[in-house]
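Single-letter residue listing:
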Amino acid sequence: MVFAHWKKLGLALLVTSSLTQAAWAASDVLVLSRAEDAPTADPGVEISNSGYTFIYAAYEHLVAYKGATTEVVPELAESWTVDDTNTVWTFKLAQGHKFDDGTPVDAAAVKFSFDRAMKLKAGPSDAFPVLKEVQVVDPGTVKFILSSQFAPFLSTMAVSGAAIINPKVMEHEKDGDMAKAWLAEHTAGSGAYKITSWERNQSVVLDRNEHYSGPTPALKQIVVRTVGEISARRLQLVNGDADIIEQVPVDQAAALKSDASIVVESNPSLYVNYVYMNNKRPPLDDPRVRQAISYAVDYKGIVDGIMQGQAEQMRGAVPDGMWGHDPQGFQYSYDVEKAKALLKEAGKSDIHLTYTFSQADTAWEPVGLALQANLADIGIKLDLQAVADTTKREMAASGNYDLAPGAWTPDFADPYMFMNYWFDPDRMGGPGNRAFYNNPKVADLVREAASIIDQPKREQLYLEAQKLSTQDAPYLYLMQKNDIFARRAVVKGYVYNPMLIQVYNFATMSKSE
Amino acid sequence: MTIMRIIIPRLVMLFFVVFGVAVITFIISHLIPGDPARMIAGDRASAETLMSVRRDLGLDRPVWDQFTIYVSNLLHGDLGTSLRTRRSVAGDIATFLPATMELGAISLILAIVIGIPLGVASAIYKDGPIDQVARTISVCGISMPVFWFALVLVLLFYAKLHILPGSGRIDMGIALPTRVTGFFLIDSLLEGRMDAFWSSVRHLILPSFVLAFANLGVITRQIRASMLDVLEEDYIRTARASGLRRRVIIFNHALRNALIPSITLLGLALGDLLYGAVLTETVFAWPGMGTYVVTSIQTLDFPAIMGFTVVASIGYVLINLVVDIAYMFADPQIREIG
């Protein structure tokens, strides 16, 4: 019986190999599964959070966000001073930090990193709008010269693009690309880990940086796998083949909660969902119409129904958890009568609007349906127009829409990221003021707040600007979402920082079986 | 010489098809509203940064210039650089295509090896229990959504029974075989790495079965129908009357003729494999072309989209060519007329 023989052999193979697979998930290796491969890990070009995961693991910055807060503390810099004009910042570098090849981090490396970012002029350079020059004073001291005062400067020193890169990467330069091709899939930093292999659309492996100045991390290796389907990621987590899974929809999160070996991390984030209202287009150019729409929305229904409670209604432009947020600020509530009265006062009837959305955020379509129903109650007919995401962005940037949902998350921990982007008429369209809102008083307030350093004074200006802008209702303030991912309970030591979405403190995390 | 008479015009046609496809994809990708520079620089990039990114990518040039540059690069075998991954598109395709081809090849073999005997048995034992089973399988294969079927198999074999892996091409603890062909099965054997070979085999089982299943249904049904037709033919009756053994009649006479219409079907099945691969690759996290193309489309990565389309169109023309040549060998009549 040849066949029976083969069958036995086949079964034996299946059994033995499945045993060897299960034995692999070692306690010093952390496996993270996510939906898509990061485009690059180059601090000079990368603007996606999936890329930040690697950049923050492999590079250090002059300053870092402290624990779970948005406050900045020294990292590579030991201390810093600013001159009287608030335009010259001098940083003293801490001793003992080394790149992954053993070279000490010095002022020349800091200068190199910023010069490179400014020369590449890709997305990350936008965080340093007034940076004129970086000067090496001595190997342990570096000076930043700004062309004008810029209050959020210190905060911008903690963004991904401000990562300090080993100047030796220039050995990998090809055709004047400043080592862009090489750094896309390799790292050259002084962080706790370094990338050792990158198999496109499969996995990225990070190993410990032997020269890291901090305590030796408990996790020897981090493996980041690309698994497109959420149900496949979920099975991996349940089976113990993955320790952390990302991009967990709210309904799946609810299902995972019943498993005792799994922890669903749901933390208030600074990620907001709002709706741009085209302030240039009639009838939305009338603030009363925008206010009426703001009163017509059932916010609680959206938060509880669509987000299953994993969000809270926004209160003003600056989200809860960032300084400049106004806990007493005015918040529109669901009030159909008031909405109808406002429309009547504006003398508008038979309003017909379009809501232009894409599938980039899973909440946008149900939100559109909810708005459609809510606005119908006050006599506004809302059509839903689904387009590709790139098309939606383009339409919003060029003002070719009535209503369009948007998502916003800050790059650095400063209300500037919301106030100056959303309300400054100089940033109309793509750059941030997507409602094409123009109130000179608000514009003056946010510009002044950005140009001075005194934080209490800035806060006061931003609160005032929020009060005025909320009255004008340029945007529909929907919700501030929770950041949701799931991890196995054995993963310990994770600290959530609202500034660092999809970024993990691998160096201080561990696994206890 | 007849073969050359088929091949040469096809190669000329290949050139025009690829050129046509390149032109059409170029036009479409530039007509779609959306700015790839914005995707790369970030939505809130300043106008200055946007301009710098556009310049960097050559998107600031007139469309006509972009097109001539694209075509001239294409003629040199250069598919450009992916806007998203900053790597050469040709390199990306070289990375991902073998994974898709390996999956496709194994599924096609599975579909043929199971589908043909099943179709033959189904025709011979028409209306019997074997036929009923075969017909049920083929209806399921044709009508079952690939995505759903894949998830069910993952749930059963990976999540519940723990006997097969649910994602990827190889176990994580195993080093990848040194790249020669890009087919893990072949490369690991070349290197004599049995651990990598068995791991790849195990990873191939579920996705290739899912992908094979849809085509299996079509093939079984087709073979059954043409076998039934052929078995009614006069020459079979003659053969039977002349006392030839049943096995000889079925395999030497009937099956050979029944296979001819199936050749076209196999060509079509190959096309279906590419389409089915997008879904299968997503569920099984298979690092192939499917995933690459979908992400490229989502980010308006023009060079990647165009590179894929060009390669796919070459693939289609070549498949058709192979089908035609196979026809010639299967049916001597065509060879003689040709």
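Rules of the game
- Residues numbered from 1 in each chain as written.
- Chains lettered and ligands numbered in written order.
- Predicted model: local features only at pLDDT ≥ 70, side-chain atom pairs only at ≥ 80, totals over all residues.
- Heavy atoms only, no water.
- Helix = DSSP H or I, 4+ residues; strand = E, 2+ residues; numbered from the N terminus.
- Rg over C-alpha atoms; globule rule 2.2 N^0.38 Å.
- Buried < 20%, exposed > 50% of the residue type's maximum accessible area, 1.4 Å probe, protein only.
- Contact = heavy atoms within 4.5 Å.
- Areas by Shrake-Rupley, 256 points an atom, 1.4 Å probe, with all protein chains shown as cover.
- Lys, Arg positive; Asp, Glu negative; His and termini not counted.
- Charge placed at Lys NZ, Arg CZ, Asp CG, Glu CD.
- Core = buried A, V, L, I, M, F, W, Y, C linked by side-chain atoms within 4.5 Å.
- Arc of directions from axis to C-beta.
- 1 Å grid on protein atoms, 1.4 Å probe; cavity = no way out; pocket = protein on both sides within 12 Å on 5 of 7 lines; lining within 4 Å.
- Points joined across faces, edges and corners; volume = space filled by probe spheres on them.
- Nonpolar A, V, L, I, M, F, W, Y, C, P; charged D, E, K, R; others polar.
- Axes fitted to C-alpha atoms, helices over the stretch in contact; angles between N-to-C directions.
- Parallel < 35°, antiparallel > 145°, perpendicular 65-115°, else oblique.
- Left-handed = near helix turned anticlockwise from the far one by under 90°.
- Buried area = accessible area lost by both parts, 1.4 Å probe.
- Salt bridge = Lys/Arg side-chain N within 4 Å of Asp/Glu carboxyl O.
- pLDDT = per-residue confidence, 0-100.
- Polar contact = N/O pair within 3.5 Å; in protein donor to acceptor, adjacent residues only side chain to side chain.
- Phe/Tyr/Trp six-rings, centres within 6.5 Å; stacked < 30°, edge-to-face > 60°.

**What to know about the overall build of chain A**
Consideration 1: Along chain A, the regular secondary structure elements total 15 helices and 19 strands.
Consideration 2: Computed over the C-alpha atoms, the radius of gyration of chain A is 25 Å, within 12% of the 24 Å expected from 2.2 N^0.38 for a compact globule of 513 residues.
Consideration 3: Counting only C-alpha atoms, chain A reaches 85 × 75 × 40 Å along its principal axes.
Consideration 4: Buried residues in chain A amount to 58% of all 513 residues.
Consideration 5: Intrachain contacts of chain A at a sequence separation of at least 6 include 69% that bridge at least 24 residues.
Consideration 6: A total of about 19700 Å² of accessible surface is found on chain A, and carbon and sulfur atoms cover 53% of it.
Consideration 7: Mean positive and mean negative side-chain charge positions of chain A (48 and 63 charges, respectively) differ by 2 Å.

**Regarding the nonpolar core**
Residues and elements named next belong to chain A.
Consideration 1: Ranked by size, the top nonpolar core spans 80 residues in total, and within it L62, F91, F114, F144, M157, W422 and F423 carry the most contacts.
Consideration 2: Ranked by residues supplied to this core, first place goes to helix α13 (residues 416-423) with 7 residues.
Consideration 3: Beyond its immediate sequence surroundings of up to four residues, L62 is in contact with P74, E75, L76, A77, F91, L93, V110, F144 and M157.
Consideration 4: By size, the runner-up hydrophobic cluster in this structure holds 53 residues, among which are L256, F357, L382 and I484.

**A short note on helix α9 (residues 299-306) of chain A**
All names here are of chain A.
Consideration 1: Residues Y299, I302, V303 and I306 constitute the buried set of α9. All buried residues of α9 project into a common sector of 110 degrees when viewed along the axis, lining one side. Exposed residues on α9 whose side chains face more than 90 degrees from its buried face are K300 and G305.
Consideration 2: In this structure, the buried side of α9 is in contact with α7 (250-256), α8 (287-296), β13 (311-313), α11 (364-376) and β17 (475-488).
Consideration 3: Phi turns positive one or two residues past the end of α9, at Q308, with a value near 45 degrees.

**Considering the layout of surface pockets**
Consideration 1: Volume-wise, the second largest pocket comes out at about 990 Å³.
Consideration 2: Around the second largest pocket sit 31 residues that line it, and B:D56, B:L57, B:G80, B:T81 and B:S82 are the ones nearest its centre.
Consideration 3: Elements supplying a minimum of two residues to the lining of the second largest pocket: α5 (180-183) of chain A together with α1 (2-31), α3 (47-57), α4 (63-75) and α13 (302-330) of chain B.
Consideration 4: With 4 residues, α4(B) is the largest single contributor of residues to the lining of the second largest pocket.
Consideration 5: Partitioned by chemical class, the residues of the lining of the second largest pocket number 12 nonpolar, 9 polar and 10 charged.

**Notes on the packing of helix α7 (residues 146-160) of chain B against helix α11 (residues 246-283) of chain B**
The packing of two helices is summarised by the inter-axis angle and the distance between the axes.
Residues and elements named next belong to chain B.
Consideration 1: Here α7 crosses α11 at 30 degrees, and the two axes come no closer than 9 Å. In terms of their interaxial angle, α7 and α11 are classed as roughly parallel. Seen from above, α7 lies across α11 with right-handed handedness. Residues V146, F147, A150, L151 and V154 of α7 lie in contact with α11, whose contacting residues are G276, L279, T280 and V283.

**Considering the interface of chain A and chain B**
Consideration 1: Between chain A and chain B, the contact holds 51 residues from the first and 52 residues from the second.
Consideration 2: Taking both partners together, chain A and chain B bury about 4300 Å²; carbon and sulfur atoms supply 57% of that area.
Consideration 3: Area buried by chain A at its contact with chain B is led by A:K121, A:N201 and A:T390, which between them contribute 13% of it.
Consideration 4: Counting the contacts that link chain A with chain B gives 5 salt bridges.
Consideration 5: A:K180 is the partner of B:D56 in a salt bridge, and the nearest nitrogen-oxygen pair spans 3.0 Å.
Consideration 6: Counting residues per element, the ones that place at least two in the side of chain A that touches chain B are α1 (2-22), β10 (221-226), α6 (230-239), α12 (389-397) and α13 of chain A.

**Considerations on the confidence of the model for chain A**
The predicted structure's coordinates, where accompanied by low pLDDT, should not be read in detail.
Consideration 1: In this model, chain A carries a mean pLDDT of 92, and residues with pLDDT of at least 70 account for 95%.
Consideration 2: pLDDT under 50 marks residues 13-23 of chain A. Its contacts with residues more than four places away, or in other chains, come to 12 contacts.

**Quick look at unusual backbone geometry**
Negative phi characterises most residues that are not glycine, and trans characterises most peptide bonds.
Consideration 1: A cis amide bond links A:P282 with the next residue in sequence, A:P283, at an omega value of 0 degrees.
Consideration 2: For A:P283, the location among the structural elements is in the loop between β12 (262-277) and α8.
Consideration 3: Here B:D127, not a glycine, exhibits a phi torsion of approximately 70 degrees, which is positive.
Consideration 4: Mapped onto the fold, B:D127 is located in the loop between α5 (89-124) and α6 (129-143).

**Details of the side chain of B:D92**
All names here are of chain B.
Consideration 1: Relative to the helices and strands, D92 resides in helix α5.
Consideration 2: Within polar-contact distance, the side chain of D92 engages the side chain of Y292 at 2.9 Å.
Consideration 3: Not counting residues within four places of it along the chain, the set of residues in contact with D92 comprises S82, T85, R87 and Y292.

**Let's talk about the packing of aromatic side chains**
Residue and element names in this part refer to chain A.
Consideration 1: Applying the stated criterion across every chain yields a total of 42 aromatic pairs over all chains.
Consideration 2: Ring centres 6.4 Å apart and planes at 50 degrees place the aromatic pair F91 and F153 in the tilted group. Here F91, found in strand β5 (residues 88-93), pairs with F153, found in helix α4 (residues 153-156); they are 62 residues apart in sequence, far enough to count as distant. In terms of burial, F91 and F153 fall into one category: buried.
Consideration 3: When the ring of F423 is compared with that of Y437, the centres are 5.7 Å apart and the planes differ by 75 degrees; the resulting orientation is edge-to-face. With F423 in helix α13 and Y437 in the loop between α13 and α14 (440-451), this pair connects stretches of sequence that are 14 residues apart.
Consideration 4: Its relative accessible area of 0% is what places F423 among the buried residues.
Consideration 5: You can call Y437 buried: its relative accessible area is 2%.

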